[in-house]
Structure formats: structure tokens, C-alpha cells
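Structural features, examined
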Amino acid sequence: MKMAMKKSVRRELEALFFVWPFVLTFTCFIVIPVIVAIYLSFTYFNTIQPPEFIGLKNYVNLLTQDNVFMMYVLPNTFKFSLIVGPGGYLLSFWLAWLLAQIPKRSRSVLTLIIYSPSMTAAVAMSVVWLVVFSGDSSGYLNSILIGIGIINEPIQWMQSPHYLMYIMIAVTLWNSMGVGFLAMLAGMLNINQEMYEAGYIDGIKNRLQEVWYITIPSMKPQMLFGAVMAVVGTFQAGDIGVTLSGANPTPQYAGQVIVNHIADYGFIRYDMGYASAVSVVLLVIVYGLSKVCWRLFAEKD
């Protein structure tokens, strides 16, 4: 009995030895910052004086006094996330499905080509798009449109409130083929091909039914991972508006989302307490959407 207990304790200690680096890192860089942010959201903190506890005042101001947040930031965030999140997710699934149908050598090359934008730093990618959407006649898009006679003078794409949001969406979708896309492709390639043969024997008549009744149910863990990564990546990618326009806030708040609002108050106005309150609201939104993804794609016992 004692020997069994010693072996059990030894196994637990061995497991802890391998896990503790992750636990320590996760605690230092995730848990503690979140707890500090929640605490600071109940304070006035200008980064110079000690935090002053003010209760729920930051949250009340956010919901009742911050007109920019209610009129621009929140609508822009939902517009951006509802297009980029599901759009990038469906695009990842569709491309992964297409690549799963072709030979291995061609699939490897195309996978690298599709995945490569997500491996490049966002700053480097923004430089490429700044050249494309440059507001002078030397910008690629302006040059092409002037050359074929659609416009007579250059358009300030990045500074125009009419175009900035759509450019942000296009750039983010182009850069959205990340690890979620790779996970979906790996999930599809690991599906037993005999299941498809059995499906056609049982009455499946076309490729759409094949995807709906066999492919998706067989790769729910990868679908869940891809959905969570799409949610997180969408809210992180909102900062592309500031990078493209070169200003925070963005011109006439056309591309202002919650991430930009946090940076505006935290690192420009140095109101860390209010910025923390906005970040807590963002945390709650991301957590809620992640739970929805979990309910949709988690394995049912």
C-alpha cells in the first residue's frame, strides 16, 4: 500500500515538474495581468500618482458618457468582427477543404503560399498595403484607376472614412489564414476515407452532404480551435486601422475599434484606469464568444 502511494506521489511530482514552466509563465503573463487590469478598472490611475479607488465610475462613464465608444467604437467593432471573424473562418474552412482534394506535393506548396502572410509581421504587411492604397497618383490602386479612366484624381484611401473600414476588412481577411487554417487542414487530412465510402452507401448524394454529415462532425476539435483562434485574432487585428491610417483615433473614428480605444486612453491620454475598464469589457466579449464557439463545436458526451 505504501509503495503504491509513493509511486502515485512520484508520478504527480514528475507531472508537476513538466507542467510548472507553463503554469508559471501562464500565471505571470496572463492571470496576474488580468487580475491587475480588473483592479485598475475600479480606479483612477494616470501612471504617475498611485491608483485612486473610484468604484464603478469608469464603467458608468463608459456606458453613459463616452459618446465615441457608443456611437463609433462599439458599432465598428461589431461590424468588423462579424465580417472578419465568420468570413475568415469560412474562408479558412473552404480553402482547407479545397487543398484536401488535391495531390500532396501541390497541396504543400499552396498551403505554404496561403499561410505565409500570417507568418509575416503585421508591420511589414501594412507597408505592402500602404503602397497599394497610397493616396497619391503613384499608389498602385490610384494609378490603375486613373489609367483606365475610372477616376480623374487620386483618392485618399487611408484617410477617407468611406473606405478605411473596408480596407481594414480586406487586409485582415487576406492575413487571416493562420494556425486555425492549418488545424482545419490537418483535421480533414486525418479523416478516415472509409467513412466517405460508407456515407455514400448510406445515402449521401453529393459533396455538400458529405461535408455536412461526415467532414464537419469528424473534425469538431479542429473546428473549435479554429473558431476560438478566429475570435481572438479578429479582435487583435483591429489595430490594423491605426497602422494603415497612421493616427489614433482613426480619421473621423471610421476605423476605431475597442483595441484602438484602449490604446488611445492607455498610452496617449494615460488614463490607465479607464483603459483597463474598456479592456475588461473586451475580455468579457471575447470570453462570451468563445463560450458560444465551445457550445457549437465541443464534443458532446
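Along each chain, residues carry numbers from 1 onward, in the same order as the chain's sequence is written. In keeping with the model being predicted, local features are shown solely for residues with a pLDDT of at least 70 and side-chain atom pairs are shown and tallied solely at 80 or more, while totals for entire chains, interfaces and linings include all residues. Side-chain measures here rest on the full set of heavy atoms in the structure, leaving out hydrogens and waters.

1. Comments concerning the side chain of Ser-134
We count a stretch as a helix when DSSP gives it H or I for four or more residues in a row; a strand needs E for two or more, and each element gets its number in order from the N terminus. Here Ser-134 lies in the loop between helix 5 (122-132) and helix 6 (140-147). Residue contacts are counted whenever heavy atoms from the two residues lie within 4.5 Å of one another. If near-sequence neighbours (up to four positions away) are discounted, Ser-134 is found in contact with Gly-139, Asn-142, Ile-155 and Trp-157.

2. A closer look at the nonpolar core
We define the nonpolar core as a collection of buried residues of types Ala, Val, Leu, Ile, Met, Phe, Trp, Tyr and Cys that are connected through side-chain atoms lying within 4.5 Å of one another. Each residue is placed in one exposure class: buried if its accessible area under a 1.4 Å probe, protein chains only, is under 20% of its type's maximum, exposed if it is over 50%, and partly exposed if it falls in between. Judged by nonpolar contacts, the single largest core of 35 residues is most densely connected at Phe-69, Tyr-89, Phe-93, Met-223, Ile-258 and Val-278. For this core, the elements supplying multiple residues, two or more each, are helix 3 (67-100), helix 8 (179-189), helix 10 (207-218), helix 11 (220-236), helix 13 (258-268) and helix 14 (272-297). Among the elements that line this core, the one with the most residues is helix 3, at nine residues. Once you skip the residues sitting within four places of it in the chain, Tyr-89 turns out to touch Val-84, Met-184, Met-223, Gly-226, Ala-227, Ala-230 and Phe-297. Among the nonpolar cores identified, the runner-up in size contains 19 residues, and Met-158, Ile-169, Leu-244 and Val-257 belong to it.

3. Looking at helix 13
The buried fraction of helix 13 is high, at eight of eleven residues. If you check which residues of helix 13 are buried, you get Ile-258, Asn-260, His-261, Ile-262, Ala-263, Asp-264, Tyr-265 and Gly-266. Considering only its buried residues, helix 13 is in contact with helix 3, helix 12 (240-245) and helix 14. Positive backbone phi, approximately 55 degrees, marks Tyr-270, located one or two places after helix 13.

4. Focus: the packing of aromatic side chains
The way to describe two aromatic rings as a pair is by their centre distance and the angle between their planes. Each pair of aromatic rings taken from Phe, Tyr and Trp, with Trp reduced to its six-membered ring, is defined by centres within 6.5 Å and is described as stacked if the planes are under 30 degrees apart, edge-to-face if over 60, and tilted in the remaining cases. In total, this model carries nine aromatic pairs according to the counting rule given. Considering the side-chain rings of Phe-22 and Phe-26, the 5.7 Å spacing of their centres and the 25 degrees angle between planes classify their relative orientation as stacked. One end of the pair is Phe-22 and the other is Phe-26, both in helix 1 (residues 2-40) and four residues apart, which spans about a single turn. With a relative accessible area of 55%, Phe-22 lands in the exposed category. Judged by relative accessible area, Phe-26 falls into the partly exposed class, the value being 39%. With a centroid separation of 4.8 Å and 65 degrees between ring planes, the pair formed by Trp-157 and Tyr-163 is classed as edge-to-face.

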